[in-house]
Amino acid sequence: MFFDRESTIVITKINNLSESVLTAYCQNFGKVLRCYIKNSSQSPKKDPYALIKFSDASSVVNILNHRHHTINGTHVGIRGYHEDRSKPPSTQFSSSNLMPVNQQNQNLPNNTQPSMHYDQLIQENSALKYEIASLQKSLAEAQAYSKTAYDTFQILREKFEAEQAHTNQLKVEYTAMVESYESRLKQISSTPLTEQDKVKDEPIDCNARQMNVANHLLEMQTVKDCLEQAQIDLGKCQTENAILNAKLNSREQQFDIRFKELNNQYLHMKKQYEHMSSCIKDFHSKLYQKKRIKTELKEDISNKTNDTAMDDSSDDVIEIITQVEPSVPYV
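Residues numbered from 1 in each chain as written. Predicted model: local features only at pLDDT ≥ 70, side-chain atom pairs only at ≥ 80, totals over all residues. Heavy atoms only, no water.

Quick notes on the nonpolar core
Phase 1: In this structure, Ile9, Ile11, Leu22, Cys26, Ile52, Phe54 and Ile63 are the most contacted members of the largest nonpolar core, which totals 18 residues.
Phase 2: Residues in contact with Ile9, not counting those within four places in the same chain, are Ala50, Leu51, Ile52, Phe54, Val60, Ile63, Ile78, Arg79 and Tyr81.
Phase 3: Leu121, Ile132, Met276 and Phe283 belong to the second largest nonpolar core, which has 8 residues in total. (Core = buried A, V, L, I, M, F, W, Y, C linked by side-chain atoms within 4.5 Å. Buried < 20%, exposed > 50% of the residue type's maximum accessible area, 1.4 Å probe, protein only. Contact = heavy atoms within 4.5 Å.)

What follows is the structure, given as structure tokens:
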């Protein structure tokens, strides 16, 4: 967990206040990600100070706007965090921390070179391991999210297929209704007049004729209403299909973007970890010239037998084996 100047503050004059007390107080201004109490290595008589990292930079602005801060009866001082080489080293990465060890040793006194760089590398390595664990946790959350998104996608696809089948059924019913209406019109127009339909000298029943005409018009209006309703239902189904298709495309794009971001973060952290491992090996090779550093996995060390000892020409050479956690393969 790195300390940056945008989301980090420095609390001075803390006396004997613990990290939990400081964290509880700072929670009133925003979410706290980390609290770290540091003692001054240059002047032991100096009071310790605390570094507070917030999740949002606006929380730093809020707490700095308050001039007076009292925690459990102790008046403390709060200021912004600024990187300064005259102050004790923090766990923040800088460009100089990633330089080779032999170049860094030129800028330091001879009596403080090994210990200061060793402690700094240990702190940076711990911070990097924490970041890798956080990234693996985020990857697990992304995998769970992708599984949920895939299940939602399957449900939406089934719903889309059901709507498509319903739309096809309405189209078939609409086509059959139109064909039935046209065939009925042809049948009425092609039917020859019978003796009963011809005009007779007998008086015509006008009421019966009007009743037949009214029934025929009512039937035609009913068919027309059914056709219009079928067209409305067809339009609604097409609109719903378009909305479902747009939702599916949006979910797929969001999932692809999130997956690419996590993949890039993982590759970046992996490169940093490999670079830190090379820096640590270089440091040990310069510091302990008669000691050999060998990195093995914990599983290999547990399965190693007693007859695998190395034959060395010099008895003064000491072999240092460092245990490394096996990395999770990334798919």
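So much for the structure itself; the text now carries on.
Description of the side chain of Lys53
Phase 1: Tracing the backbone shows Lys53 in strand 3 (residues 49-54).
Phase 2: Here Ser7 takes part through its side chain, which lies 3.1 Å from a polar atom of the side chain of Lys53. (Helix = DSSP H or I, 4+ residues; strand = E, 2+ residues; numbered from the N terminus. Polar contact = N/O pair within 3.5 Å; in protein donor to acceptor, adjacent residues only side chain to side chain.)

Topic: the side chain of Thr74
Phase 1: Within the fold, Thr74 resides in strand 5 (residues 74-80).
Phase 2: Residue classification places Thr74 among the buried positions, given a relative accessible area of 16%.
Phase 3: For Thr74, the residues in contact, after removing those within four places along its chain, are Lys13, Asn15, Leu17 and His69.

Some points on the confidence of the model for the protein
Caution applies to low-pLDDT regions: their predicted coordinates should not be interpreted in detail.
Phase 1: Mean pLDDT for the protein: 76, with 70% of residues reaching 70 or above.
Phase 2: Predicted confidence in the protein is weakest over helix 3 (residues 101-105), with a mean pLDDT of 45, and strongest over helix 1 (residues 19-26), with 91.
Phase 3: Within the model, the stretch residues 84-105 combines pLDDT values under 50 with 47 contacts to residues more than four positions away or in other chains.
Phase 4: Counted against residues more than four places away or in other chains, residues 309-317, with its pLDDT under 50, gives 7 contacts. (pLDDT = per-residue confidence, 0-100.)

Section: the pairing of strand 1 (residues 8-12)
Phase 1: Within strand 1, 4 of the 5 residues are buried, leaving the element largely enclosed by the surrounding structure.
Phase 2: As judged from the 4 bridges shared by strand 1 and strand 3, these two strands associate in the antiparallel manner. Considered in strand 3, the bridge of Thr8 is made with Lys53.
Phase 3: As paired elements, strand 1 and strand 5 share 4 bridges and run antiparallel to each other. Counterpart to Ile9 in the pairing with strand 5 is Gly80. (Pairing = 2+ DSSP bridges.)

A few points about the pattern of salt bridges
Phase 1: Applying the stated criterion across every chain, the model contains 4 salt bridges.
Phase 2: For Lys147, the salt bridge is made with Asp151, and the minimal N-O distance between the two is 3.8 Å. Within this pair, Lys147 and its partner Asp151 are both found in helix 4 (residues 113-190), separated by 4 residues, close to a single helical turn.
Phase 3: When its relative accessible area of 56% is taken as the criterion, Lys147 is described as exposed.
Phase 4: Linking Glu261 and Arg258 is a salt bridge whose minimum nitrogen-to-oxygen distance equals 3.9 Å. Of this pair, Glu261 and Arg258 both sit in helix 5 (residues 206-287), 3 residues apart, roughly one helical turn.
Phase 5: The partly exposed category is assigned to Glu261, whose relative accessible area is 38%. (Salt bridge = Lys/Arg side-chain N within 4 Å of Asp/Glu carboxyl O.)

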